[in-house]
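Reading the structure
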Amino acid sequence: PKVTRYENGEPIITKRIEQHIENNMVTLEELVVFNGSLLGFLSDKKDGVNSLYMVKYDTEIDPLGDPEVITSYPRTKGLSGRGFFNVLTSKNKRYLCVEYVIPGKRDLFDRYGYKVMDSAFTVVTEGEYEIPYNTRNASVDVRYLTDNGDYILGISVYSNATLGTWKDYNALEKTVVVHVKGDNFSEYELGIEDKRVFDIGVNALDSILVVTGTYGEEMSSGSQGVFMMRINLDEKKIRQQYFELFPRDFMTQDMTPGEIDRLERREDRGRLGPQLYNYAIRSIYPLDDGSTIVVAEQFYIYQQTTTDARGISQSVSHYYFNDVVSYKIDVSGKFNWMIRIPKEQHSINDYGYYSSIKSFVNNGKLVCFFNDNINNYDEFGAYEGFNRSISFPTRKKSYTLSKCEVDIASGEVNRISFNDYNETQGYVIPRLSVIDYRNRQVLFYAQGRYDRFGILQY
C-alpha cells in the first residue's frame, strides 16, 4: 500500500506503508486521518496471539515513535480465523473507536471488544462483552460512533444461519439496537408488533439516538412503510416511536394501468397490497429543530448462471442501485413529505463500484450526487424525466454526475446535470468520495486515465 499527500491538488510526496513490526510481517487493516494525524492500524498474528497496533505518521508519511499496541488476545488453538478488526470515527472527528471480534469456540458465541479514544488519544471507555445470540444466527448490520463517543450496534437475529451475502428475511426473528458502555450494554428491541424490519440506520444528536428503517407485514417480502424511534441514551429509555405506511400513489407511481388493475384484483382476494423491495438506509440527518431527514436507496443483486455444451457453469452477478427514497419526520412524529428520485444504475461483477449516492444537508437543502445517463437531461442540463438507465462500463458521451437538491421545508426536488465526462475526465465514484463536515467540503474522486480529485465548497 502507498499513501500520497496532496496540497492544492498537486501530489507532494508518495511513500509505501511498511508492513513490518520488529521484523514480523503484519497486515494493514485500516488507514484513517484523525485529529490531523494519519493513523495506520496493523494486525499481527503470531505465537497464538492476535495483536492490533496503531502507528502515527508525520506529514512526510514517516512513522512517529514506536507502534502502540491497541489490543491483544489469545487466538483459540486450531481456529483458522484471525478474528476481526474495525475502526470507526465520529462524524465530528472527536472520537475514534477500535473494535475487534474474538471468534467463538464450540458455543458459537463471539466476544466483542472495543476502545474509544478522544482527540488526545486518551482511552475514554473500553470493554469486552458477549452478544447473547448464536453467531451463526445473528448479523451485526450497523456500527456507529456518536459525536459523544457512544458505541452503537444494530443487530438482526434470525431463526437459522445467515452466513454469506444472502439474508433470509423470512427467517428474521427480531432487530435490536445495542448501546455499549464499558463491559455492559443496553438493548432496545424494535417492537413493531407483527411487522418485519427490513433495514435500519442510526444517527444521534447529543444524547438522542434516532433509529429509522423500513418495515412490512410479517408475511411480506417487501417493505410497506417506514418507522422511526428516538432513544434517550442518558435515560436509557425509548422516548418516541412512529410508523407510517407508504402513500398509495407513492407506491404505484411507476406502475402501468394494467399493473395497477392486477394489484387491485389481488387486494380484493385478500392479498398484500403494493410493496417496495430492497431499500437500504443510506443517511439519517437529525436537525436542530428535532425533525429528521432520512435517505434510502433501492439495492439488489441477482446471479445468472449459464452452462455450456461441455457442462462448465459460469455465474455472473448483476448489481442494481435504483431509486432514492427520502422522507422528513417532524418532532411530533408527523411525516411532512416523502419523495422518490428515479434512477437505475447497473453493473456486473464489480459490487456496484460506480453506483450508489453521496448526500449531505446544508442551508435548508438535502443535496444528493449520483452517476446518471446524460440522456435524462436537456442540452442545458435540466432534468427532463427518467428515460435511460446507466450501465457500467459506460460510454463517455452517455455519462453525467447528477445533482439533486431537495427543499427541506417542502420536499420539492430540483435535479440537474452537474458535471459530464468532458469536465471530470473520469467517472466519479460516490462511495469513495468524502463529505468533510467540519470544513464544509465535498471531496470527489474520479477514475479515468488518471485519478482525479474535485473539491466542492458548500
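Overview of the structure. (Residues numbered from 1 in each chain as written. Predicted model: local features only at pLDDT ≥ 70, side-chain atom pairs only at ≥ 80, totals over all residues. Heavy atoms only, no water.)

Looking at the environment of Phe444
Relative to the helices and strands, Phe444 resides in strand 33 (residues 441-447). The class of Phe444 is buried, set by a relative accessible area of 10%. Linking Phe444 and Leu456, residues 12 residues apart in sequence, is a C-alpha distance of 7.9 Å. Residues contacting Phe444, with those up to four places away along its chain left out, are Phe369, Leu401, Val428, Ser433, Arg452, Phe453, Gly454 and Leu456. (Helix = DSSP H or I, 4+ residues; strand = E, 2+ residues; numbered from the N terminus. Buried < 20%, exposed > 50% of the residue type's maximum accessible area, 1.4 Å probe, protein only. Contact = heavy atoms within 4.5 Å.)

Brief notes about the pairing of strand 2 (residues 10-16)
Strand direction decides the pairing type here: strand 1 (residues 2-7) and strand 2, joined by six bridges, are antiparallel. The partner of Arg5 across the bridge, within strand 2, is Ile13. If you look at the hairpin formed by strand 1 and strand 2, you'll find two residues sitting between the two strands, and Asn8 has a positive phi there, around 55°. (Pairing = 2+ DSSP bridges.)

A short note on the sheet that holds strand 11 (residues 111-118)
With antiparallel pairing, four strands are arranged side by side in an open sheet as 9-10-11-12. If you trace the sheet from one side to the other, it starts and ends with strand 9 (84-89) and strand 12 (123-130), each paired once. Taken over all neighbouring pairs, the strand axes of this sheet differ in orientation by 15° on average, direction set aside. Here strand 11 pairs with strand 12 via seven bridges, running antiparallel. Residue Met117 lies in a different strand from strand 12, and its bridge partner there is Val123. (Axes fitted to C-alpha atoms, helices over the stretch in contact; angles between N-to-C directions.)

Notes on a nonpolar patch on the surface
On the surface, Tyr6, Val434, Leu443, Phe453 and Ile455 cluster together into a nonpolar patch covering about 470 Å² of accessible area. Turning to its location among the elements, Val434 is positioned in strand 32 (residues 434-436). (Patch = residues over 30% accessible without salt bridge, like charges linked within 9 Å, V, L, I, M, F, W, Y side chains within 5 Å. Areas by Shrake-Rupley, 256 points an atom, 1.4 Å probe, with all protein chains shown as cover. Salt bridge = Lys/Arg side-chain N within 4 Å of Asp/Glu carboxyl O.)

Section: the sheet that holds strand 7 (residues 49-57)
Spatially, the four strands line up as an open sheet ordered 5-6-7-8, and their pairing is antiparallel. With partners counted over all chains shown, the strands left at the sheet margins are strand 5 (27-34) and strand 8 (63-74), one partner each. Between one strand axis and the next, the sheet turns through 20° on average, direction left out of account. Here seven bridges tie strand 5 to strand 6 (residues 37-46), and the two strands are oriented antiparallel to one another. Each bridged residue has a counterpart across the sheet, and for Phe34 the counterpart in strand 6 is Ser37.

Re the packing of aromatic side chains
Enumeration according to the criterion identifies 24 aromatic pairs in this entry. When the centroid spacing of 6.2 Å and the interplanar angle of 15° are considered together, the rings of Tyr302 and Tyr320 count as stacked. With Tyr302 in strand 22 (residues 292-307) and Tyr320 in strand 23 (residues 313-329), this pair connects stretches of sequence that are 18 residues apart. Owing to a relative accessible area of 13%, Tyr320 belongs among the buried residues under this scheme. Seen in terms of ring centroids, Tyr399 and Tyr427 are 5.0 Å apart; in terms of plane orientation they differ by 85°. Their pairing is edge-to-face. Placement of the pair is Tyr399 in strand 29 (residues 399-407) and Tyr427 in strand 31 (residues 427-428), with a sequence separation of 28 residues. Judged by its relative accessible area of 1%, Tyr399 is buried. An aromatic cluster is built from Tyr353, Tyr354, Phe392, Tyr399, Tyr421 and Tyr427, whose rings are joined through pairwise contacts. Sitting over the ring of Phe121, Lys56 keeps its end group 3.8 Å from the ring centre. (Phe/Tyr/Trp six-rings, centres within 6.5 Å; stacked < 30°, edge-to-face > 60°. Lys NZ or Arg CZ within 6 Å of the ring centre and 35° of its normal.)

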